[in-house]
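What follows is each chain in one-letter form.
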Amino acid sequence: MAKIDLSNVALPQEEVEVDGKLYLLTALPATEGLKFLEQYQEQLDTGKVDLSVMKKMICNYVSYENKIISDKTGKDCISFDIHFARGLGHLRNLFGEVLAWNFGDVFQEPASEE
């Protein structure tokens, strides 16, 4: 039986372990990645950090134990506020993994030419 190529249908995903917890990351679509980079550059230029960008990215592109992370609660989702209560360092580490996976090639130092 031939394998079905889903590369043009579904966004790539990868499991990552952060502080002993296993998360499933979904890649940002290219347009969303560009929007994020634009917001990030604005934040660098103005010095004003918008932490809601972190929450938006986690809620839209990260799942935990086969459930989405959301402002809502229910059988198919985990409350963002409850999951990360007293865990803001963990949230920062998870966000770092999301950035590294989605933008690793953007935030890496260019190789020196010798």
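These remarks concern the structure in this document. For clarity, every value in this text was computed on a predicted model and none was experimentally measured.

A separate point is the overall build of the protein chain. A tally of helices and strands in the protein chain yields 4 helices and 5 strands. Traced from its N-terminal end to its C-terminal end, the protein chain shows the element sequence β-β-α-α-β-β-β-α-α. In the protein chain, which comprises 114 residues, the share counted as buried stands at 32%. Once local pairs closer than 6 in sequence are excluded, the contacts in the protein chain between residues at least 24 apart make up 54%. Roughly 8,600 Å² of accessible area belongs to the protein chain as shown, and the carbon and sulfur atoms make up 52% of that amount.

Let us now look at the side chain of Ser-70. On the secondary structure map, Ser-70 appears in strand 4 (residues 67–70). Exposure remark for Ser-70: the relative accessible area of 14% places this residue in the buried category. Side-chain polar atoms of Ser-70 contact the backbone nitrogen of Lys-72, separated by 3.0 Å. Beyond its immediate sequence surroundings of up to four residues, Ser-70 is in contact with Cys-59, Cys-77, Ile-78, Ser-79 and Phe-80.

Any space left empty among the atoms is revealed by the rolling of a water-sized probe across them. Roughly 180 Å³ of internal volume is contained in the largest pocket. For the largest pocket, the full set of lining residues is Phe-36, Gln-39, Tyr-40, Gln-43, Leu-44, Val-49, Asp-50, Leu-51, Val-53, Met-54, Phe-95 and Leu-99. Among the elements of the structure, helix 1 (30–46), helix 2 (52–61) and helix 4 (88–107) are those that each provide at least two residues to the lining of the largest pocket. It is helix 1 that contributes the most residues to the lining of the largest pocket, 5 residues altogether. The residue makeup of the lining of the largest pocket, split by class, is 9 nonpolar, 2 polar and 1 charged.

Let's shift gears to the sheet that holds strand 3 (residues 62–64). Read across the open sheet, the 5 strands follow the order 1-2-3-4-5; overall the sheet is mixed. The sheet is open, and its two edges are formed by strand 1 (13–18) and strand 5 (77–79), each paired on a single side. Within this sheet the neighbouring strands show an average axis-to-axis angle of 40°, counted without direction. Lying on the sheet, helix 2 is in contact with strand 2 (21–26), strand 3 and strand 4; it crosses strand 3 at an angle near 60°.

Among the secondary structure elements, Glu-97 is positioned in helix 4. Between the C-alpha atoms of Glu-97 and Leu-25, which are 72 residues apart in sequence, the distance is 8.9 Å. Ignoring sequence-local partners within four residues, the contact set of Glu-97 consists of Val-16, Val-18 and Leu-25.

Further remarks concern the packing of aromatic side chains. Applying the stated criterion to the full structure yields 5 aromatic pairs. Both rings, one in Phe-36 and one in Tyr-40, keep their centres 5.9 Å apart while their planes meet at 20°; by these two values the pair is stacked. Of this pair, Phe-36 and Tyr-40 both sit in helix 1, separated by 4 residues, roughly a single helical turn. Tyr-40 gets classed as partly exposed once you look at its relative accessible area, which sits at 30%.

Calculation rules
Residues numbered from 1 in each chain as written. Predicted model: local features only at pLDDT ≥ 70, side-chain atom pairs only at ≥ 80, totals over all residues. Heavy atoms only, no water. Helix = DSSP H or I, 4+ residues; strand = E, 2+ residues; numbered from the N terminus. Buried < 20%, exposed > 50% of the residue type's maximum accessible area, 1.4 Å probe, protein only. Contact = heavy atoms within 4.5 Å. Areas by Shrake-Rupley, 256 points an atom, 1.4 Å probe, with all protein chains shown as cover. Polar contact = N/O pair within 3.5 Å; in protein donor to acceptor, adjacent residues only side chain to side chain. 1 Å grid on protein atoms, 1.4 Å probe; cavity = no way out; pocket = protein on both sides within 12 Å on 5 of 7 lines; lining within 4 Å. Points joined across faces, edges and corners; volume = space filled by probe spheres on them. Nonpolar A, V, L, I, M, F, W, Y, C, P; charged D, E, K, R; others polar. Pairing = 2+ DSSP bridges. Axes fitted to C-alpha atoms, helices over the stretch in contact; angles between N-to-C directions. Phe/Tyr/Trp six-rings, centres within 6.5 Å; stacked < 30°, edge-to-face > 60°.

The analysis is restricted to geometry; functional conclusions fall outside its scope.
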